[in-house]
Every structure is written in structure tokens, then in C-alpha cells.
Amino acid sequence: MRALRLPAGFEWGISTSAFQIEGASAADGRTPSVWDTFCAQPGRIAGGDRPDPGCDHYHRWKDDVDLLAGLGVDSYRFSVSWSRVLAGGRAANPRGFAFYDRLVDALLAAGIEPVVNLFHWDLPQDLQDAGGWRSRDTAYVFAEYAEKLATALADRVTRWSTMNEPFEHFGLGHVLGFHAPGQNLTGVAAFSVAHHLLLAHGLGVRAVRAGGARQVGLINSYAPVRPVNGGGDGAAACALDAIQNRLFTDPVLLGEYPAGLDAFEMDPASKPVRSGDLEIIAAPLDFLGVNYYNVLAVSAPEPADPLPFRLAELPGFDRTASGWPVVPDGMRETLVMLKDRYRDALPPLYVTETGAAYDEKPDADGFCDDFERVAFLASHVEAIAEAVASGVDVRGAMLWSLLDNFEWAEGFSQRFGLVHVDFQTAQRTPKASYYWYRDLIRGVTP
Ligand code: IFM
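Right, let's walk through the structure included here. (Residues numbered from 1 in each chain as written. Predicted model: local features only at pLDDT ≥ 70, side-chain atom pairs only at ≥ 80, totals over all residues. Heavy atoms only, no water.)

1. Notes on the pairing of strand S2 (residues 75-79)
Then step 1. Within S2, 5 of the 5 residues are buried, which leaves it mostly tucked inside the rest of the structure.
Then step 2. Neither face of S2 is left uncovered, since the one carrying Ser75, Arg77 and Ser79 and the one carrying Tyr76 and Phe78 both have all their residues buried.
Then step 3. By the bridge criterion, 3 bridges tie strand S1 (residues 11-15) to S2 in an arrangement that is parallel. The residue of S2 that forms the bridge with Ser15 is Arg77.
Then step 4. By the bridge criterion, 5 bridges tie S2 to strand S5 (residues 113-119) in an arrangement that is parallel. If you follow Ser79 over to S5, its bridge partner there is Asn117. (Buried < 20%, exposed > 50% of the residue type's maximum accessible area, 1.4 Å probe, protein only. Helix = DSSP H or I, 4+ residues; strand = E, 2+ residues; numbered from the N terminus. Pairing = 2+ DSSP bridges.)

2. Things to note about the site of the ligand
Then step 1. As a structural note, the neighbourhood of the ligand is formed by Gln20, His120, Trp121, Asn164, Glu165, Tyr293, Trp324, Glu353, Trp400, Glu407, Trp408 and Phe416.
Then step 2. One of the side-chain N or O atoms of Trp400 is found 3.4 Å from an oxygen atom in the ligand.
Then step 3. Contacts to the ligand include Trp408, whose side-chain N or O atom sits 2.8 Å from an oxygen atom.
Then step 4. Broken down by class, the residue content of the shell around the ligand amounts to 6 nonpolar, 3 polar and 3 charged. (Near = heavy atom within 4 Å. Polar contact = N/O pair within 3.5 Å; in protein donor to acceptor, adjacent residues only side chain to side chain. Nonpolar A, V, L, I, M, F, W, Y, C, P; charged D, E, K, R; others polar.)

3. Quick look at the sheet that holds strand S12 (residues 349-353)
Then step 1. Here 8 strands make up a closed barrel; going around it, the order is S1-S2-S5-S6-S7-S9-S12-S13 and the pairing parallel. Looking at each pair of strands side by side, their axes are set apart by 25° on average, direction ignored.
Then step 2. Sitting on the sheet, helix H8 (residues 166-175) touches S5, strand S6 (159-164) and strand S7 (215-222), and the angle it makes with S7 is about 45°.
Then step 3. On top of the sheet, helix H13 (residues 329-342) reaches S7, strand S9 (287-292), S12 and strand S13 (394-400); it is set at about 150° to S9, its chief contact. (Axes fitted to C-alpha atoms, helices over the stretch in contact; angles between N-to-C directions. Contact = heavy atoms within 4.5 Å.)

Now the structure itself:
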């Protein structure tokens with residue numbers, strides 16, 4: 001790995017999410033989320049995997065804090081299970097709050113800054129039954145949750161994000177139906193979900209600040225779009241760029257919806273958008289979180305295609321076990337794209353996720369040599385440093401993820417962890433990438 005040139009104080013962290021690691025779905029008063037419901041439906045999850053007990057972080061959190069301390073990270077980003085702290089999404093559950101209290105205290109005692117994300121796709125099922133994100137009310141209930149949580153934790157937690165990757169929750173969960181809640185919405189119905197997620201974000205920013213939070217941001221996923229046949233696929237590339245890279249960023253940073261949504265029959269002048277909403281959505285942020293995994297290749301759609309683009313193969317790149325092309329320069333390109341596109345409207349950036357699935361196992365001596373993940377992470381960290389060198393204000397990087405975990409519709413078949421988890425026993429085994437990252441953080445050039 002080349003010597004990294006990053007500013008002093010550059011932050012190194014790692015990310016997880018509640019539903020993917022906690023297990024304990026019925027412990028201590030937790031109520032079901034849309035993902036519990038979805039996982040119970042036959043055929044939804046690869047191999048019929050069930051998330052519980054999975055990593056069982058709810059019971060093994062002390063071991064996981066020890067792993068974080070051994071890694072030496074400056075920060076740890078985790079999400080809160082809304083269904084654990086508020087039964088049905090509304091009624092305070094003291095035992096749920098107590099779990100995150102303990103976790104925050106243990107992180108601080110270990111010298112690790114807790115970074116709290118409020119929503120990583122696990123809407124309480126009761127709120128889904130009341131209309132989910134198609135209902136405007138859900139955005140207001142989210143704000144109540146946000147304020148309650150900030151009131152409980154903001155004396156110790158400085159940095160908050162309202163939500164992680166709303167685009168994936170919208171697209172995979174509400175349009176393509178591959179994720180919970182498994183809907184196939186189009187037109188105004190689909191647009192209402194996007195708009196209410198954005199409204200929830202804006203109301204959530206106000207609410208966590210009212211609860212005492214000092215730094216608030218949003219975490220989005222980004223993917224540079226490459227037309228496979230150059231200009232011939234330009235319209236398809238613009239359509240995918242509008243929805244993947246702009247739909248959840250332009251309203252937040254510029255106070256307006258991007259052009260190009262009409263290709264999806266989504267109309268920003270339609271009913272869900274009320275006067276004053278965009279001002280709420282564009283509340284100033286302290287940071288933007290950037291999740292980057294790969295670039296997307298696209299071609300023009302065939303006449304029968306339901307979407308105004310067709311995803312294509314990107315030849316010439318290695319692939320991870322998820323089949324995603326390994327394109328480290330896409331990280332630099334993403335960060336520079338954000339700087340060029342949003343200029344003065346862009347707050348400081350943190351890379352809040354990057355990582356890769358590879359299928360390595362511990363050998364007889366317990367050594368797990370995930371050399372492909374080490375190469376992936378090293379090249380993507382170098383790409384962040386290149387973006388910083390070209391003037392992008394990136395303050396830190398959080399890798400995905402601490403543990404192998406429940407990879408949504410892929411179940412346990414895709415492993416992103418720096419720590420291997422045996423899902424029969426929940427035993428944790430740090431991989432080579434864990435030691436590589438530890439040394440990087442210590443300033444040891446691998
Ligand atoms: O596991 C997911 C995470 O929940 C959101 N970002 C992408 C990761 C890998 O697919």
C-alpha cells in the first residue's frame with residue numbers, strides 16, 4: 001500500500017446497523033419491524049436464513065466493544081432499532097433505551113466516539129400497518145422518535161445521522177420489492193415514499209437538535225454511472241444518475257428536486273409535496289455521509305423494460321462475492337463529483353461505508369486470510385486520499401463492517417466483516433483485514 005497523505009486528525013471508524021447484527025428480536029420488549037415480517041415470508045431471504053440470533057450483538061455487545069477497542073478506531077457508527085426503544089414505534093420501552101445507554105457508555109469508556117444513526121430501514125411494523133412511508137404521518141412519528149432518542153443520548157453522543165441510504169430503502173423496498181416491505185410502487189405512490197423519507201429527514205434534523213444533538217447529517221449511497229455505449233446511452237445514464245445520486249441529495253442540499261424524475265413518472269409538483277416541505281428538508285447539515293461500493297454501468301432500456309435504463313455488465317474489473325465490480329477510482333470520482341456538483345452547499349464529508357463481500361473462512365489455526373478484502377479496502381482508502389489531495393473536504397472514513405452480518409435479502413451468504421462470525425456459535429474471529437486496519441490506524445504502513 002502506498003503511504004497515505006491525509007490531514008492530521010483524519011478519523012478512522014467502522015459501521016454496523018441494528019437489524020443486521022443485534023438478533024434478540026423479541027428480547028426485553030422489542031416489537032417487530034418490517035424486516036422481521038419480511039424475513040418470515042417464504043422465499044424472501046436467500047437460503048431461508050433468519051436474522052435471529054445471527055451475530056447476537058444484543059447479548060454479546062461487550063465482546064464487540066472489545067473488538068472495536070482492539071482495532072483502535074476513533075469512532076463507531078451504529079444504528080438504533082426504533083422497534084426496540086419505542087414499542088410499535090411510539091411507546092417508550094425503558095429496557096430498549098437501557099441497551100443503547102450501556103453501549104454508549106462502554107464505547108466512551110473505551111475511548112471510541114459513538115456515532116448514532118436513527119434509521120437503517122427497519123420501520124416498526126405497526127407504523128407500516130398504518131401506511132408506512134406512503135403516509136405523511138410516518139415522517140412526524142419519526143421526528144418524535146428522533147427527539148426522544150436525542151434527549152436520552154445527546155449528553156454523550158455528539159454526532160447523529162437521521163438515516164442511512166434512503167435511496168436503497170425506497171428503491172429496493174418500495175419499487176423493486178426485493179427488500180422489506182416488499183412493495184412494487186410506481187408514479188405518485190412511489191414518489192410519496194421518497195418525499196416522506198426526505199420530510200422525515202428534515203423533521204428529524206430539527207428534532208435531534210431540539211433533543212440536544214450538536215452535529216447532524218444524512219448518509220447517502222452514491223455510484224458513478226457509466227453508459228456502456230457512450231452517448232447512445234446518455235438518457236439512460238442521466239435517468240439513473242437522477243434517481244441514484246440526486247433524488248436524496250438535491251432536495252437536502254439545494255432545496256429542490258432534480259430534473260429527470262419524469263422518466264420515472266415521478267412529479268415533484270404532485271400532491272405529496274406541500275408548501276414549506278422543501279425548506280424543512282433543506283435544513284443545514286453538519287456533514288454528509290457517503291457510502292460507496294461500486295460504479296454502475298447502464299444502457300438504454302428495451303421497449304418492454306419497466307425502468308428508463310437497463311443495468312449492464314462493466315467488463316474488465318475484478319468482482320467481489322456479491323458480483324460487484326471492484327472500481328477503487330469510483331470512490332475518488334464520487335467524492336469529487338459531490339464537490340463539483342454542490343460546491344458551497346456541500347458540508348464536510350465522511351465516508352460512512354465502503355467494503356466488500358468475500359467468502360473466506362478461518363483455517364485450522366483460526367487464521368482467516370481475507371487478502372482480497374485487504375486489497376479492496378487499501379485501494380479504496382488510497383482513493384479517498386486522492387480525493388482529499390484534490391481538495392475534497394473528507395474528514396474521516398468508516399469501513400463496512402465490523403462483523404459478518406445479515407446481508408438483507410442475501411441472508412448470511414455474503415460476508416462483509418473484518419471479523420468472521422460463525423453463525424452457528426456466534427464465535428468471532430478477526431480476519432487479516434482487521435489486523436491490517438488496526439495497523440493502518442496505528443500509522444504502521446502495511
Ligand atoms: O449491508 C449493507 C448496508 O446495510 C447498507 N449499505 C450497503 C451494505 C452492503 O450491501
